[in-house]
Amino acid sequence: MKAAFALCTGYIFTILLEGFARIVITFYHRKTLTFRGISDLPGIEWALLILILTGITHWFGAMLSTSIYPVHAHRMLVAFGILVATGKTIELLTLHATEPIWFLGGSMVIALSGVFGAYLIKRNGVTAVSD
């Protein structure tokens, strides 16, 4: 039960962080608010920023999941990666007619790269340096 809670918490955290970034961009440019795709973003540089933030937020979400349930961190990261891949595949299938495929595919690759980065950190046992 705690593993499912950790998995859901990490995934919801990624959605909230990415949504917050989109809200900031929307209010900054006074555009229509959308939580998926890039068709309403003011320029390509904002789409690239969203892609970068996608990797960062998914890394944070994966690390949060393994922090909540550290017993089987590697299994948690595999499950988190499957959840992310499923969500991004659904996004790709539902938005491919209205959004550029390079953004949707790039979003999936970069999100999974963030999860893989968390896996590498956990595998190598990297920890914070203390005084």
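Conventions adopted
Residues numbered from 1 in each chain as written. Predicted model: local features only at pLDDT ≥ 70, side-chain atom pairs only at ≥ 80, totals over all residues. Heavy atoms only, no water. Helix = DSSP H or I, 4+ residues; strand = E, 2+ residues; numbered from the N terminus. Contact = heavy atoms within 4.5 Å. Areas by Shrake-Rupley, 256 points an atom, 1.4 Å probe, with all protein chains shown as cover. pLDDT = per-residue confidence, 0-100. Expected span 1.5 Å × (residues − 1). Buried < 20%, exposed > 50% of the residue type's maximum accessible area, 1.4 Å probe, protein only. Salt bridge = Lys/Arg side-chain N within 4 Å of Asp/Glu carboxyl O.

1. A closer look at the overall build of the protein
A tally of helices and strands in the protein yields four helices and zero strands. When contacts within the protein are restricted to residue pairs at least 6 apart in sequence, long-range pairs at least 24 apart make up 68% of them. Carbon and sulfur atoms make up 71% of the accessible area of the protein, which totals about 7,700 Å².

2. Re the confidence of the model for the protein
When pLDDT is averaged across the protein, the result is 85; 87% of the residues are at 70 or more. The secondary-structure element of the protein with the lowest mean pLDDT is helix α1 (residues 2-29), recorded at 86, while helix α3 (residues 73-95) shows the highest, at 92.

3. Observations regarding α3
Here α3 contains 23 residues, and its C-alpha end-to-end distance of 32 Å stays within 8% of the 33 Å for a straight helix at 1.5 Å per residue. Inspection of α3 places A73, M76, L77, F80, G81, V84, G87, K88, E91 and L95 among the buried residues, and these make up the whole buried set. If you follow the buried residues of α3, they end up packed against α1, α2 (44-68) and α4 (101-124).

4. Examining the environment of L53
Mapped onto the secondary structure, L53 falls in helix α2. When its relative accessible area of 24% is taken as the criterion, L53 is described as partly exposed. Remark: the alpha-carbon pair of L53 and E18, spanning 35 residues in sequence, is separated by 6.9 Å.

5. Some thoughts on the pattern of salt bridges
The full count for this structure, using the stated rule, is one salt bridge. The partner of E91 in a salt bridge is K88, with the nearest N and O atoms 3.8 Å apart. Here the residue E91 and the residue K88 both occupy positions in helix α3, the gap between them amounting to three residues, near one helical turn. Accessibility expressed as a relative area gives 8% for E91, which makes it buried.

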